[in-house]
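# Summary of the model geometry
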Amino acid sequence: MDWMTGFSVRPGLVEEYSGTTGAVLGGRNGWDVRPDAAVYGGAWQDPLFVLTHHPEDARPADGVTFLNCDVAEAVRIGLEAAGGKNLEVFSPTIGRQLLERGLIDEVDLHIVPVLLGEGIRLFDNPGGVPVRLELLNGEDRTAAVNLRYHPVSIG
């Protein structure tokens, strides 16, 4: 995750998300890579759930519950803990499974100007059917979003 430096975000974005998020559901791969990562830079302190097939060997942490269940059950648990606020899904593989089951209400993409060379693709589903999205913050809900960047030398 060392690529997550050198960019800015809209003022108030972190506060917006930390105020509307009641619980977070993440995956074991992300947890193992960054168990000490603070959600929204530490601005958020509510329940964090990590879905894993082997919770017995997970490194415990305050405020973190390890779940070994079906993704739909993990969503049920997370939504209950969220108390009417959003359940954020911080895992591309869990997100893909939830999309396939129709359990995602909204997809919120934050596009950072960097092309990654490796890692887990967002909602990778070889051979699957396309998932169409509807734009929520514009007049034309079917509009494509156009972003233009140029490569910057690193080093």
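Provided above is the structure to which this section pertains.
Residues numbered from 1 in each chain as written. Predicted model: local features only at pLDDT ≥ 70, side-chain atom pairs only at ≥ 80, totals over all residues. Heavy atoms only, no water.

### Considerations on the overall build of the protein
A count of helical and extended segments in the protein gives 4 helices and 4 strands. Taken from the N to the C terminus, the helices and strands of the protein come in the order α-β-α-β-β-α-β-α. Counting only C-alpha atoms and orienting by the principal axes, one finds that the protein spans roughly 45 × 40 × 35 Å. Once local pairs closer than 6 in sequence are excluded, the contacts in the protein between residues at least 24 apart make up 63%. For the protein, the exposed surface amounts to about 11600 Å²; the carbon and sulfur share of it is 52%. Taking the 12 positively charged and 22 negatively charged side chains of the protein as two groups, their mean positions are separated by 4 Å. (Helix = DSSP H or I, 4+ residues; strand = E, 2+ residues; numbered from the N terminus. Contact = heavy atoms within 4.5 Å. Areas by Shrake-Rupley, 256 points an atom, 1.4 Å probe, with all protein chains shown as cover. Lys, Arg positive; Asp, Glu negative; His and termini not counted. Charge placed at Lys NZ, Arg CZ, Asp CG, Glu CD.)

### Brief notes about helix 3 (residues 71–82)
In a regular helix each residue adds 1.5 Å, so 12 residues correspond to 16 Å; helix 3 covers 16 Å between its end C-alpha atoms and thus fits that length. The set of residues buried in helix 3 consists of Val71, Ala74, Val75, Gly78 and Ala82. The buried residues of helix 3 occupy an angular sector of 100° when projected down its axis, which confines them to one face. Those residues of helix 3 hidden inside the fold are in contact with strand 1 (21–27), strand 2 (48–51), strand 3 (64–67), strand 4 (86–90) and helix 4 (92–100). Taking the backbone nitrogen of alanine 72 as reference, a side-chain oxygen 3.0 Å away marks aspartate 70 as the first, capping residue of helix 3. (Expected span 1.5 Å × (residues − 1). Buried < 20%, exposed > 50% of the residue type's maximum accessible area, 1.4 Å probe, protein only. Arc of directions from axis to C-beta. Polar contact = N/O pair within 3.5 Å; in protein donor to acceptor, adjacent residues only side chain to side chain.)

### With respect to the sheet that holds strand 3
The strand order across the open sheet formed by 4 strands is 3-2-1-4, and the pairing between neighbours is parallel. The open sheet is flanked by strand 3 and strand 4, the only strands paired with a single partner. On average, adjacent strands in this sheet sit at an angle of 25° to one another, irrespective of strand direction. In this structure, strand 1 lies alongside strand 4, joined through 5 bridges in parallel fashion. Across the sheet, the residue bridging to alanine 23 is leucine 87, located in strand 4. Running at roughly 95° to strand 1, helix 1 (residues 13–20) makes contact with strand 1 and strand 4 of the sheet. (Pairing = 2+ DSSP bridges. Axes fitted to C-alpha atoms, helices over the stretch in contact; angles between N-to-C directions.)

### Observations regarding the pattern of salt bridges
Where charged atoms from two side chains of opposite charge approach closely, those side chains can pair. Counted according to the given criterion, the structure contains 7 salt bridges. Here arginine 28 ties to aspartate 32 by a salt bridge, and the two come within 2.8 Å at their closest N and O atoms. Here arginine 28 pairs with aspartate 32, and both are found in helix 2 (residues 28–33), just 4 residues apart, close to one helical turn. Take arginine 28: its relative accessible area is 10%, and that puts it in the buried class. For aspartate 32, a relative accessible area of 44% translates into the label partly exposed. Residue arginine 28 is joined to aspartate 57 by a salt bridge in which the shortest nitrogen-to-oxygen separation is 3.1 Å. Taken together, the residues span a long stretch of sequence, with arginine 28 in helix 2 and aspartate 57 in the loop between strand 2 and strand 3 at a distance of 29 residues. If you follow the salt bridges from partner to partner, you end up with Arg28, Asp32 and Asp57 in one network. (Salt bridge = Lys/Arg side-chain N within 4 Å of Asp/Glu carboxyl O.)

### Re the pairing of strand 1
Looking down a regular strand, the side chains alternate between one sheet face and the other. Burial analysis of strand 1 places 7 of its 7 residues in the buried class, which makes it a mostly covered element. By the bridge criterion, 4 bridges tie strand 1 to strand 2 in an arrangement that is parallel. Counted as the bridge partner of valine 24 is leucine 48 from strand 2. Read as a crossover between parallel neighbours, the route from strand 1 over helix 2 to strand 2 is right-handed. (Right-handed = clockwise from strand over helix to strand, strands pointing away.)

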